Amino acid sequence: ITDKQEIDFPVSLNKGEIIIDLSWNDAADLDLYLLNNRNRIVGRSTTTTPGEQIIKGVKAGDYVIKVYSYSGDASSFCVSLSGSAAP
């Protein structure tokens, strides 16, 4: 992912709590967002530390996990999804 680029990951979730973790290997500053099916942000993590996490109770439905490069390039990153609402 390069500077100011975003990548979307569509997911269908069950009702319950989710944990979304984002980690990467370079000096970039990546941000993590969760959007509902109306394209509204329902969760976000935008710290400057090398890792982001969203813990959120959700309703069953379709969502988008968005990774955004606030600054810099990351040659690789990992998004993991867990919790009682994970598909």
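Up top is the structure.
The structure contained in this document is the topic of the report that follows. Quantities reported herein were computed from a predicted structural model and do not represent experimental measurements. (Residues numbered from 1 in each chain as written. Predicted model: local features only at pLDDT ≥ 70, side-chain atom pairs only at ≥ 80, totals over all residues. Heavy atoms only, no water.)

**Some thoughts on the overall build of the chain**
Turning to step 1, where the next piece is worked out: Each helix and strand in the chain was counted, giving zero helices and seven strands.
Turning to step 2, where the next piece is worked out: Relative to its length of 87 residues, the chain is compact, with a C-alpha radius of gyration of 12 Å against a globular reference of 12 Å.
Turning to step 3, where the next piece is worked out: Dimensions of the chain, computed from the C-alpha atoms along their principal axes, are close to 35 × 20 × 20 Å.
Turning to step 4, where the next piece is worked out: Sequence-distant contacts in the chain: of pairs separated by 6 or more residues, those separated by 24 or more amount to 77%.
Turning to step 5, where the next piece is worked out: Surface summary for the chain: the accessible area is close to 5000 Å², and the carbon and sulfur share equals 49%. (Helix = DSSP H or I, 4+ residues; strand = E, 2+ residues; numbered from the N terminus. Rg over C-alpha atoms; globule rule 2.2 N^0.38 Å. Contact = heavy atoms within 4.5 Å. Areas by Shrake-Rupley, 256 points an atom, 1.4 Å probe, with all protein chains shown as cover.)

**Examining the sheet that holds strand β2 (residues 16-24)**
Turning to step 1, where the next piece is worked out: The sheet built from three strands is open, its strands ordered β5-β2-β7 with antiparallel pairing. With one partner strand each, in any of the chains shown, β5 (52-58) and β7 (77-83) form the two edges of the open sheet. On average, each strand axis in the sheet is tilted by 15° relative to the strand beside it, whichever way the strands run.
Turning to step 2, where the next piece is worked out: The pairing of β2 with β7 spans seven bridges and is classified as antiparallel. The partner of Ile 18 across the bridge, within β7, is Gly 83. (Pairing = 2+ DSSP bridges. Axes fitted to C-alpha atoms, helices over the stretch in contact; angles between N-to-C directions.)

**Looking at the layout of surface pockets**
Turning to step 1, where the next piece is worked out: Size it by volume and the largest pocket reaches roughly 180 Å³.
Turning to step 2, where the next piece is worked out: Considering the residues around the largest pocket, the lining is formed by Asn 36, Asn 37, Arg 38, Val 42, Lys 56, Gly 57, Val 58, Lys 59, Ala 60, Gly 61, Asp 62 and Tyr 63.
Turning to step 3, where the next piece is worked out: At the level of elements, β5 and β6 (61-71) are the ones that each hand at least two residues to the lining of the largest pocket.
Turning to step 4, where the next piece is worked out: Per-class residue counts for the lining of the largest pocket are four nonpolar, four polar and four charged. (1 Å grid on protein atoms, 1.4 Å probe; cavity = no way out; pocket = protein on both sides within 12 Å on 5 of 7 lines; lining within 4 Å. Points joined across faces, edges and corners; volume = space filled by probe spheres on them. Nonpolar A, V, L, I, M, F, W, Y, C, P; charged D, E, K, R; others polar.)

**A closer look at the nonpolar core**
Turning to step 1, where the next piece is worked out: Counting residues in each nonpolar core, the largest one holds 18 residues, and the members touching the most others are Ile 18, Ile 20, Leu 30, Leu 32, Leu 34 and Val 58.
Turning to step 2, where the next piece is worked out: Put simply, the parts of the chain that give this core at least two residues each are β1 (6-13), β2, β3 (29-35), β5 and β6.
Turning to step 3, where the next piece is worked out: Take this core: its biggest share by element is four residues, from β2.
Turning to step 4, where the next piece is worked out: Once residues within four sequence positions are removed from consideration, Leu 34 is found in contact with Ile 18, Ile 20, Arg 40, Ile 41, Val 42, Gly 43, Ile 54, Lys 56, Val 58, Tyr 63, Val 64 and Ile 65. (Core = buried A, V, L, I, M, F, W, Y, C linked by side-chain atoms within 4.5 Å. Buried < 20%, exposed > 50% of the residue type's maximum accessible area, 1.4 Å probe, protein only.)

**Concerning the environment of Ile 20**
Turning to step 1, where the next piece is worked out: Relative to the helices and strands, Ile 20 resides in strand β2.
Turning to step 2, where the next piece is worked out: Its relative accessible area of 0% is what places Ile 20 among the buried residues.
Turning to step 3, where the next piece is worked out: Sequence separation between Ile 20 and Ile 54 is 34 residues; the distance between their C-alpha atoms is 5.1 Å.
Turning to step 4, where the next piece is worked out: Other than its neighbours up to four places away in sequence, Ile 20 contacts Leu 32, Leu 34, Glu 52, Gln 53, Ile 54, Ile 65, Val 79, Ser 80 and Leu 81.

This is a description of form; function is not addressed.
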